[in-house]
Amino acid sequence: MADQGGSQHGIARTSRARTDEQRTLDLERIQKYHLLEEEIRSHVSQHNYTPHVFQLTSKLLKLNPEYYTIWNVRRRLLIYGLFSKPSAGSLPSTASPTSSPTATTTTSSAACSSSLSTATPPAPGPQTAGRSGTTADDNNNTEETHGAAEEGNQQNDLNIIKTELGFTIPLLLESPKCYWIWSYRLWILQQAIDRLPVLVARRIWEEELGLASKMLTKDRRNFHAWGYRRHVVEQLESSQLGGKSMAESEFEYTTRMISQDLSNFSAWHSRSKLIPRLLDERKADDAAREMLLNEEFGLICRAINVGPEDQSLWYYHRSLMLNLVGFVGHPTITPAFSRDDRVTYVVREIEGIKELLEDYDDVKLIYEALIDYTLYLCQLLGRQPDVTEKQAMTEWLAMLKKLDPMRNGRWNDLERDCGLLNGGRRPKVVSIDVGQGQGQGE
Amino acid sequence: MAEAFKKLPEKLQLATSAHVKYIQSLDTRKDEYDYWLTEHLRLNGLYWGLTALHLLGHPDALPRAETIDFVLSCQHENGGFGAAPGHDAHMLSTVSAVQILATIDAFDDLEKRGRGKAQVGKYIANLQNRQTGTFAGDEWGEEDTRFLYGAFNALSLLGLLYLVDVDKAVDHIVACANFDGGYGVSPGAESHAGQIFTCVAALTIAGRRGLVDADRLGRWLSERQIAGGGLNGRPEKKEDVCYSWWVLSSLEMIGKTHWIDRDQLIGFILRCQDTERGGISDRPGDMVDVWHTLFGITGLSLLEYPGLQPVDEVYCMPKSTIERVLGR
């Protein structure tokens, strides 16, 4: 139910009335579309897993890339027809595969609607053999004919995989938010891992980083593309592709994205997830960790100085602050900090933000941060806000209510929770255990 | 609150009868190319339209018998439903089917003429990744917290939640949490209002909402309201009517709906209506569609706009249905 495909986004409302001409045109298009659909269905119901039917699915998917059933038909055409059959390694099935399905489908006759039974293994039989075990570099001298056949199979599969990756690119560029295309592309890439020698598969996956970057240049916040990038990196790092950590290069990538556009929260987010890993992998000592924390604070504070209205920046700033106060049970940058160290940093940030007020006295995010961080400080010190702090928070809250009346319900709750109402109760200061400085995250 | 709406100008009232007619007209457009291009969403669309009609107080505006026939015609042997006859089974259309049948009180028909509740439950349960706890959308393996939520939604309506490993699924959701209190599509992904809804609602169904950092999440969610009153789905993005559901229902679940400006949001949703021909769009002046129509109306319902039936913030279905089905 959370699928947005097919809904109208950002298309200007026009009169729904069509001219007779448009109507006729629509009817013609519908007829063509249905004929194509019917042709595919009829072939599939007869288990014709041929290149011809495959071409028909290309045609239909270009008309409608949201048609998920046709993407599935395409997968089945590959598995049962066009991909080589590793189990029959001695039969070089490179050239035009015949229409002999590997009878693993159920006998259901409902055309292409016949899903593969109730079981749901994402990888039906044929591809399990031939994976990883005997790769090209292993070269364990089995029969030579077998090796040659296998090589032919792999070449066939490699060609198909490359063609499929090429096929989806223009579709993705046109419909960058279509879940089905992304998911099909990932399935094809998985086939590379299952069917090709590690080094060949790896080269294919490496090229995917280029696609992810291209999509993110077109739309810096496309969460499909960010998710895709994360997935690609994960695979490239995995042992099945003979990989190693890419935390350093991904960290650099976020730096580049941020330098192009400070407001890119997706990039900041990615950065926040990478840093703890990066430090662990660098085997960074306490000094190196503190240095990185300082660099990050420096970077984000310079950005905030230029654009204090930008929520993305404050979210990242807050994530750094949480590293100082809410660190127990989370991956953290500076696990060895003493409480005094943490207090020093929080105080330093609060003072820096107060200075911002000299240039910007009408930006609500500044007041919000000041209140938050004052409460953080109290948490760290395990005490309630003192009279001066309460007075300051009261003033900041008044500014919040004035500048951001939309969220008055929230400011009222905050006022109550901070004990800033006349005769209000004691503030809700969560006590946290700052003695557990060793709790370094993953 | 009702007082405030009387002061709204005429054109800023909810155009109930236009919306009802619009939804009724959706299945009469078979001579439009778009009708066929969106066939992969037919069952979902039926759920969106039907739910909107129930909330508008017109539960009988679509013919019940035909609705049941159509839903059952989408079911496969394995218990799952495709989006339309001849379309492959998928989690999303299966959830819509269960929601529709629940809303029109037709589980009996599923038992007698369809493949039965147990088979539907089995189809959904088989899509759980038993290692990580999350769910795939279909046999091809795409995983997303949307599917996890869908599974919990449908299975709990069917009384079959015990078929899956709830604890594992809960662990997975916890792994999707971010420092800002929100949740992403998978572990490591940035917070997104749509995914937040799915995660918070799934935790609620599992009886584990205590795992949500309500304060931090509420703050993030309340910042989604921007000038003009509409809500966006992530920082520094444009507003869109559908977030009137994803954001607002999440706020409702954690008891923080009062952290945004209700009247301004109501104004924004109402400005997105096509008051003459019915339907609601993503932003004022854009093309309407049934998806935004539903989420505009569910948003208004959560905001207690007068004349609307209350919507359940977890299931996105009429509260009366949920009370009947879950025996609350």
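Because the structure is predicted, anything quoted here is derived from the model rather than measured.

*Asks:* Honestly, the overall build of chain A in this entry has me stumped. Any pointers?
*Replies:* Helix and strand content of chain A: 15 helices and zero strands. Every one of the 442 residues in chain A was classed for burial, and the buried ones make up 51%. Long-range contacts, defined here as pairs at least 24 residues apart, represent 67% of the contacts in chain A between residues at least 6 apart. Accessible surface, chain A as shown: approximately 20500 Å² in total, 53% of it carbon and sulfur.

*Asks:* Just checking my understanding: could you explain a negative patch on the surface for this structure?
*Replies:* Residues Asp285, Asp286, Glu290, Asp340 and Asp341 of chain A make up a contiguous surface patch of negative charge. For the negative patch, the secondary structure elements donating two or more residues are α10 (286-306) and α12 (339-359) of chain A.

*Asks:* Please clarify how the pattern of salt bridges should be interpreted in this entry.
*Replies:* Opposite charge on two side chains makes pairing possible when the charged atoms of those side chains draw close. One pass over the full model with this rule turns up 47 salt bridges over all chains. Overlapping salt bridges bring together Arg318, Lys364, Glu368, Asp372, Asp404, Arg407 and Arg410 of chain A together with Arg219 and Glu223 of chain B as one network.

*Asks:* Explanation requested: the packing of helix α9 (residues 145-158) of chain B against helix α10 (residues 166-175) of chain B in the structure shown.
*Replies:* When two helices pack together, their arrangement is given by the angle between the helix axes and the distance between those axes. All names here are of chain B. Packing of α9 against α10 leaves a shortest axis separation of 11 Å and a crossing angle of 145°. Every pair of crossing elements has a handedness; the one defined by α9 and α10 is left-handed. Here Thr145, Leu148 and Phe152 of α9 come into contact with α10, specifically with Val166, Ala169, His172 and Ile173. The class makeup of the residues in the contact of α9 with α10 is five nonpolar, two polar and no charged.

*Asks:* Teacher, can you tell me more about the interface of chain B and chain A here?
*Replies:* Accessible area lost on assembly of the parts is the figure often given for the size of an interface. With 88 residues of chain B at the contact, the number on the chain A side is 75 residues. Summing both sides of the interface, chain B and chain A together bury roughly 7400 Å²; the carbon and sulfur share of this comes to 52%. In this assembly, chain B and chain A are joined by 10 salt bridges. Across the salt bridge formed by Asp372 of chain A and Arg219 of chain B, the nearest N and O atoms sit 2.3 Å from each other. Across the contact surface, chain B and chain A share 38 residue pairs in polar contact (both at pLDDT 80 or more). Listing elements by their share of the side of chain B that touches chain A, those giving two or more residues are α3 (33-37), α4 (42-55), α6 (91-103), α9, α12 (214-222), α13 (243-253), β2 (288-289) and α15 (290-302) of chain B. Residues belonging to the side of chain B that touches chain A are distributed by class as follows: 31 nonpolar, 27 polar and 30 charged.

*Asks:* What is the right way to read helix α14 (residues 262-271) of chain B from this model?
*Replies:* Residue pairs three or four apart in sequence face the same way in an α-helix, which turns once every 3.6 residues. All names here are of chain B. Counting buried positions over the 10 residues of α14 gives seven, a clear majority of the element. Listed in full, the buried residues belonging to α14 are Arg262, Leu265, Ile266, Gly267, Phe268, Ile269 and Leu270. For α14, the N-terminal cap is Asp261; the gap from its side-chain oxygen to the backbone nitrogen of Asp263 is 3.1 Å.

*Asks:* Hey, could you run me through the nonpolar core in this one?
*Replies:* A general feature of soluble globular proteins is that nonpolar side chains tend to end up buried together. Judged by nonpolar contacts, the single largest core of 227 residues is most densely connected at Leu78, Trp314 and Leu324 of chain A together with Phe135, Phe152, Tyr183 and Trp246 of chain B. Among the elements that line this core, the one with the most residues is helix α13 (residues 364-381) of chain A, at 11 residues. Shared between two domains, this core takes at least three residues from each, and those domains are domain 1 (1-12 + 22-88 + 152-194) and domain 2 (295-442) of chain A.

*Asks:* Just checking my understanding: could you explain the environment of Leu92 of chain B for this structure?
*Replies:* Looking at the element boundaries, Leu92 of chain B is found in helix α6. For the pair formed by Leu92 of chain B and Phe81 of chain B, sequence separation is 11 residues and the distance between their alpha carbons is 8.6 Å.

*Asks:* Please clarify how the packing of aromatic side chains should be interpreted in this entry.
*Replies:* Working definition: an aromatic ring pair is given by the centre-to-centre distance plus the angle between the planes. Taken as a whole and judged by the stated rule, the model has 24 aromatic pairs over all chains. With a centroid separation of 4.8 Å and an interplanar angle of 55°, the aromatic rings of Trp182 of chain A and Tyr228 of chain A are classed as tilted. Here Trp182 of chain A is found in helix α5 (residues 179-195), whereas its partner Tyr228 of chain A is found in helix α7 (residues 223-237), with 46 residues between them in sequence. Tyr228 of chain A shares its class with Trp182 of chain A; the two are buried. Following the ring pairs from residue to residue traces out a cluster consisting of Trp48, Tyr149, Phe197, Trp245, Trp246, Trp291 and Phe295 of chain B. Cation over ring: Arg74 of chain A sits above Phe167 of chain A, and NZ or CZ is 4.1 Å from the ring centre. The lysine or arginine in question, Arg146 of chain B, covers the ring of Tyr179 of chain A, its NZ or CZ lying 3.8 Å from the ring centre.

*Asks:* Can you walk me through the environment of Asp108 of chain B in this structure?
*Replies:* Inspection of the secondary structure puts Asp108 of chain B in helix α7 (residues 107-112). Sequence separation between Asp108 of chain B and Glu236 of chain B is 128 residues; the distance between their C-alpha atoms is 47 Å.

*Asks:* When you look at the UniProt feature "domain: Prenyltransferase alpha-alpha toroid" (unreviewed entry) in chain B in this model, what are you seeing that I'm missing?
*Replies:* If you check UniProt for "domain: Prenyltransferase alpha-alpha toroid" (unreviewed entry), the listed places come out as residues 14-317 of chain B in our numbering. Taken end to end, residues 14-317 of chain B comprises 48% helix and 2% strand; its first and last C-alpha atoms sit 19 Å apart.

*Asks:* Please explain the packing of helix α11 (residues 311-325) of chain A against α12 of chain A as it appears in this structure.
*Replies:* All names here are of chain A. Here α11 crosses α12 at 155°, and the two axes come no closer than 9 Å. By the angle between their axes, α11 is roughly antiparallel relative to α12. Here α11 runs over α12; the crossing is left-handed. Taking contact as the criterion, the partners of Trp314, His317, Met321, Asn323, Leu324 and Val325 in α11 are, on α12, Arg342, Tyr345, Val346, Glu349, Ile353 and Leu356. Each residue belonging to the contact of α11 with α12 can be placed in one class, and the counts come to eight nonpolar, two polar and two charged.

What counts, and at which threshold
- Counting from 1, residues in each chain are numbered in the order their sequence is written.
- Key to labels: chains lettered from A, ligands numbered from 1, both in the order written.
- Two thresholds apply to this predicted model, a pLDDT of at least 70 for residue-level local features and 80 or more for giving and counting side-chain atom pairs, whereas whole-chain, interface and lining totals are computed over all residues.
- Hydrogens and waters are ignored; side-chain quantities use all the structure's heavy atoms.
- Runs of E in the DSSP output that reach at least two residues are strands. Runs of H or I that reach at least four are helices, and both are numbered from the N terminus.
- Only protein chains enter the accessibility calculation, which uses a 1.4 Å probe. A residue is then buried if its area is under 20% of the maximum for its type, exposed if over 50%, and partly exposed in between.
- The contact rule is simple, with two residues in contact once any of their heavy atoms fall within 4.5 Å.
- Areas reported as accessible are Shrake-Rupley estimates using a 1.4 Å probe. Residue values count occlusion only from the protein chains shown.
- Two distance rules govern patches: like charges are joined within 9 Å, and nonpolar side chains (Val, Leu, Ile, Met, Phe, Trp, Tyr) within 5 Å, applied only to residues with over 30% relative accessible area and no salt bridge.
- Basic side-chain nitrogens of Lys or Arg form a salt bridge, by our definition, when they fall within 4 Å of a carboxyl oxygen of Asp or Glu.
- When charges are counted, Lys and Arg are positive and Asp and Glu negative, with His and the chain ends excluded.
- We put the charge of a Lys on NZ, of an Arg on CZ, of an Asp on CG and of a Glu on CD.
- A fitted line through C-alpha atoms represents every axis, and for helices the fit uses only the stretch in contact; the resulting angles, taken between N-to-C directions, go from 0 to 180 degrees.
- Two helices that cross are described as forming a left-handed crossing if the nearer one is turned anticlockwise from the farther one by less than a right angle, and a right-handed crossing if clockwise.
- Charged means Asp, Glu, Lys or Arg here, nonpolar means Ala, Val, Leu, Ile, Met, Phe, Trp, Tyr, Cys or Pro, and polar covers whatever is left, Gly included.
- Two parts placed together each lose some accessible area; with a 1.4 Å probe, that loss summed over both constitutes the buried area.
- Two N or O atoms form a polar contact when they lie within 3.5 Å of each other; inside protein one atom must be a possible hydrogen donor and the other a possible acceptor, and for residues adjacent in sequence the pair counts only when both atoms belong to side chains.
- Each nonpolar core is a collection of buried residues, namely Ala, Val, Leu, Ile, Met, Phe, Trp, Tyr and Cys, held together in the definition by side-chain atoms within 4.5 Å.
- Domain segmentation is taken from an automatic or database assignment of domains.
- Note on aromatic pairs: the rings of Phe, Tyr and Trp (six-membered ring only in Trp) are paired at centre separations within 6.5 Å, and the planes decide the class, stacked below 30 degrees, edge-to-face beyond 60, tilted for the rest.
- For a Lys NZ or an Arg CZ to count as sitting over a ring, it must be within 6 Å of the ring centre and within 35 degrees of the ring normal.
- UniProt positions are given in the numbering used here, feature names are shortened, and annotations may be inferred rather than shown by experiment.
- Each angle gets one of four labels, with under 35 degrees taken as roughly parallel, over 145 as roughly antiparallel, 65 to 115 as roughly perpendicular, and the rest as oblique.

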